[in-house]
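# Geometric and topological summary
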2 protein chains.
Amino acid sequence: MKEKGRTARSDLDAVLAAGFLCHLGVLVDGTPMVVPTVYGATADTLYLHGSSASRSLIQAPDGTVCVTVTHVDGVVLARSVFEHGINYRCAMIYGVPRQVTDEAEKLTGLRVLTEQAAPGQWDYARRPSRKELAATSLLALGLDEASVKVRTGPPDDGDSPDAQLGLWAGVLPLTTVRGALVPDPALPPDIELPAHLRRD
Amino acid sequence: MKEKGRTARSDLDAVLAAGFLCHLGVLVDGTPMVVPTVYGATADTLYLHGSSASRSLIQAPDGTVCVTVTHVDGVVLARSVFEHGINYRCAMIYGVPRQVTDEAEKLTGLRVLTEQAAPGQWDYARRPSRKELAATSLLALGLDEASVKVRTGPPDDGDSPDAQLGLWAGVLPLTTVRGALVPDPALPPDIELPAHLRRD
């Protein structure tokens, strides 16, 4: 079995550290709603950027949510269609999120979240004013109830009768890569690219 | 506003055609659960690979689900932290899925789903046996109730007072790329790579 649950805390941390976008599942009028949103993870807390979905969730009677972070690493090309699959890393976190209201924690959460998606920008860009902070909805979710699943490696039918079919089998890896920075057209030409955005 | 809802059917088709992984939101014991799974789209139907989650959903009293497909296109680096964001394309589809039981439709759905993740493999790999077909859970969801949201372009603060701060601003594009194929170690050395997997 190349697909398995992982129970070590370090596996959860690794999946969370490898991305910045999650899918937040909330209940709206009794129906599940799945919204993509950015997150930032500390040692014990997942901070999520609020949205209209998360605001309605806060009003729900049972506020349990599910946050799923998935990284697709490749397509598993097996000898049989049945054994085709995806190499992936996935974390699911359950809990009742807390709306962050304390100004200091809101700043911490926003910093973690900003740095996860755009490292170096918290110190470079203008930080939120009190008015902007108040207008930002931020959720905090504990990392206690989480599960991690990972699939890696070749197809599972290498030692099956299908291996005699003479078909090619393997994995098509998929990776997310950074492209060349696109300057805002409104940018004056004399503004230099800061060091943290330069690629060596 | 560079973030907006799209209502044309072609926008939905484009978002669905650009990927093969969705996040399926179902209700399990009253709690939302978000599971990643592969999909394939026809003109009017989204086929989803079943899982334990989708099986439990079928038993739920109200079987409405939400399927979300998200593509991250870049990180929006604004002058202020507040205006930071993500360029993305997102489709959300709501409906009550139907468990596919008809053998012919199951084959069609599996073909669509397989070809979306691994083009060319349906004709190349061994197709499902009747036993494998019976063991495969496939869901069908209509595409009637869907919404699409897209954000593109530079940050929104190019004409704000923050534009005077002298800070660099723009977009860091992100793309998913195919890596070099990794042959199954169990593969005999004389098996040739089929044409549909070769890159020119």
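The name that an unreviewed UniProt entry assigns to chain A is Pyridoxamine 5'-phosphate oxidase family protein, with the source organism given as Streptomyces kasugaensis.

Another aspect to go through is the overall build of chain A. Counting secondary structure elements, chain A contains five helices and 11 strands. Here the C-alpha radius of gyration of chain A, 21 Å, is well above what a compact globule of 200 residues would show, namely 16 Å. With respect to the three principal axes, the spread of C-alpha positions in chain A is 65 × 55 × 30 Å. Counting contacts in chain A only where the partners sit at least 6 residues apart, residues at least 24 apart contribute 72% of the total.

Bringing the interface of chain A and chain B into the picture now. Contacts between the two partners involve 78 residues from chain A, matched on the other side by 78 residues from chain B. Where chain A abuts chain B, roughly 6,400 Å² becomes buried across the two surfaces, and 71% of that area is made up of carbon and sulfur atoms. Counting the surface chain A buries against chain B, the share from its top three residues, A:V81, A:R126 and A:W168, is 12%. For the pair chain A and chain B, the number of links is four salt bridges. B:R126 serves as the salt-bridge partner of A:D162, at 2.7 Å between the closest nitrogen and oxygen. On the surface where chain A and chain B come into contact, there are 25 residue pairs in polar contact (both at pLDDT 80 or more). Examining the composition of the side of chain A that touches chain B, we find that nine residues originate from one element, strand 10 (residues 170-178) of chain A, more than from any other. Here the side of chain A that touches chain B is composed, by residue class, of 52 nonpolar, 18 polar and eight charged. As paired strands, strand 10 of chain A and strand 10 (residues 170-178) of chain B are joined by five bridges and run antiparallel to one another. Note on strand 10 of chain B: the bridge partner recorded for A:L174 is B:R178.

So, on to helix 1 (residues 9-17) of chain B. Within an α-helix, residues lying three or four positions from one another point in the same direction, as the helix has 3.6 residues per turn. Residues and elements named next belong to chain B. Taken residue by residue, helix 1 has L12, V15 and L16 as its buried positions. Each buried residue of helix 1 lies within a common arc of 95 degrees when the element is viewed along its axis, so the set occupies one face. Summarising the geometry of helix 1, the exposed residues directed more than 90 degrees from the buried face are S10 and A17.

Turning our attention to the pairing of strand 8 (residues 138-142) of chain A. Residues and elements named next belong to chain A. Within strand 8, four of the five residues are buried, which leaves the element mostly enclosed by the surrounding structure. Of the pairings in the sheet, the one linking strand 4 (residues 45-49) to strand 8 comprises five bridges and is antiparallel in character. Looking across to strand 8, one finds that L46 is bridged to L141. Here two bridges tie strand 7 (residues 98-99) to strand 8, and the two strands are oriented antiparallel to one another. Directly across from R98, in strand 8, lies its bridge partner A140.

This part covers the pattern of salt bridges. Scanning all chains against the criterion turns up 24 salt bridges over all chains. The residue A:D11 makes a salt bridge to A:R6 at a minimum N-O spacing of 3.7 Å. Since its relative accessible area comes to 28%, A:R6 is described here as partly exposed. The residue B:R79 makes a salt bridge to A:D184 at a minimum N-O spacing of 2.7 Å. Separated into two different chains, B:R79 in the loop between strand 5 (65-77) and strand 6 (85-95) and A:D184 in the segment after strand 11 (182-183) make up a pair that spans both. The class of B:R79 is buried, set by a relative accessible area of 2%. Look at the salt bridges and you will find they share partners, linking A:R79, A:D157 and B:D184 into a network.

After a rotation of 180 degrees and a shift along the axis of 0.0 Å, chain A superposes on chain B with an RMSD of 0.0 Å. Read as a symmetry element, the transformation amounts to a two-fold axis. Taking C-alpha positions as the reference, the residue of chain A nearest the rotation axis is A:T176, at 2.1 Å. The fraction of interface residues of chain A whose copies in chain B are also interface residues reaches 100%, indicating that both copies meet through the same surface.

Turning our attention to the state of the cysteines. Residue and element names in this part refer to chain A. If you walk through the whole model with that rule in mind, you get zero disulfides over all chains. The cysteine C22 is free of any disulfide, with C66 supplying the nearest cysteine sulfur at 9.9 Å. With no disulfide partner, C90 has as its closest neighbouring cysteine sulfur the one in C66, 8.4 Å distant.

Its identity as a non-glycine residue notwithstanding, A:D29 has a phi of 55 degrees, on the positive side. As for its position among the elements, A:D29 is in the loop between strand 2 (21-28) and strand 3 (31-41).

This part covers the nonpolar core. One finds A:L46, A:V67, B:L46 and B:V67 to be the most contacted residues of the largest nonpolar core, which totals 105 residues. Sequence-distant contacts of A:L46, defined by excluding residues within four places in its chain, comprise A:L16, A:Y39, A:G40, A:A41, A:V67, A:I93, A:L139, A:A140, A:L141 and A:L143.

Residue placement: A:Q121 occurs in helix 4 (residues 121-124). Separated by 2.6 Å, the side chains of A:Q121 and A:H196 make a polar contact. Side-chain polar atoms of A:Q121 contact the side chain of B:H84, separated by 2.8 Å. Contact partners of A:Q121, with chain neighbours within four places excluded, come to A:T114, A:E115, A:H196, A:L197, B:L77, B:A78, B:V81 and B:H84.

Let's shift gears to the environment of B:T45. Residues and elements named next belong to chain B. Positionally, T45 belongs in strand 4 (residues 45-49). Spatially, the C-alpha atoms of T45 and L141 are 5.6 Å apart, while their sequence positions differ by 96 residues. Setting aside chain neighbours within four positions, we find T45 in contact with G40, A140, L141 and L143. Within the structure, T45 has its side chain in polar contact with the side chain of D44 (distance 2.9 Å).

What counts, and at which threshold
- Residues numbered from 1 in each chain as written.
- Chains lettered and ligands numbered in written order.
- Predicted model: local features only at pLDDT ≥ 70, side-chain atom pairs only at ≥ 80, totals over all residues.
- Heavy atoms only, no water.
- Helix = DSSP H or I, 4+ residues; strand = E, 2+ residues; numbered from the N terminus.
- Rg over C-alpha atoms; globule rule 2.2 N^0.38 Å.
- Contact = heavy atoms within 4.5 Å.
- Buried area = accessible area lost by both parts, 1.4 Å probe.
- Salt bridge = Lys/Arg side-chain N within 4 Å of Asp/Glu carboxyl O.
- Polar contact = N/O pair within 3.5 Å; in protein donor to acceptor, adjacent residues only side chain to side chain.
- Nonpolar A, V, L, I, M, F, W, Y, C, P; charged D, E, K, R; others polar.
- Pairing = 2+ DSSP bridges.
- Buried < 20%, exposed > 50% of the residue type's maximum accessible area, 1.4 Å probe, protein only.
- Arc of directions from axis to C-beta.
- Least-squares fit on C-alpha atoms with pLDDT ≥ 70 in both.
- Disulfide = S-S within 2.5 Å.
- Core = buried A, V, L, I, M, F, W, Y, C linked by side-chain atoms within 4.5 Å.

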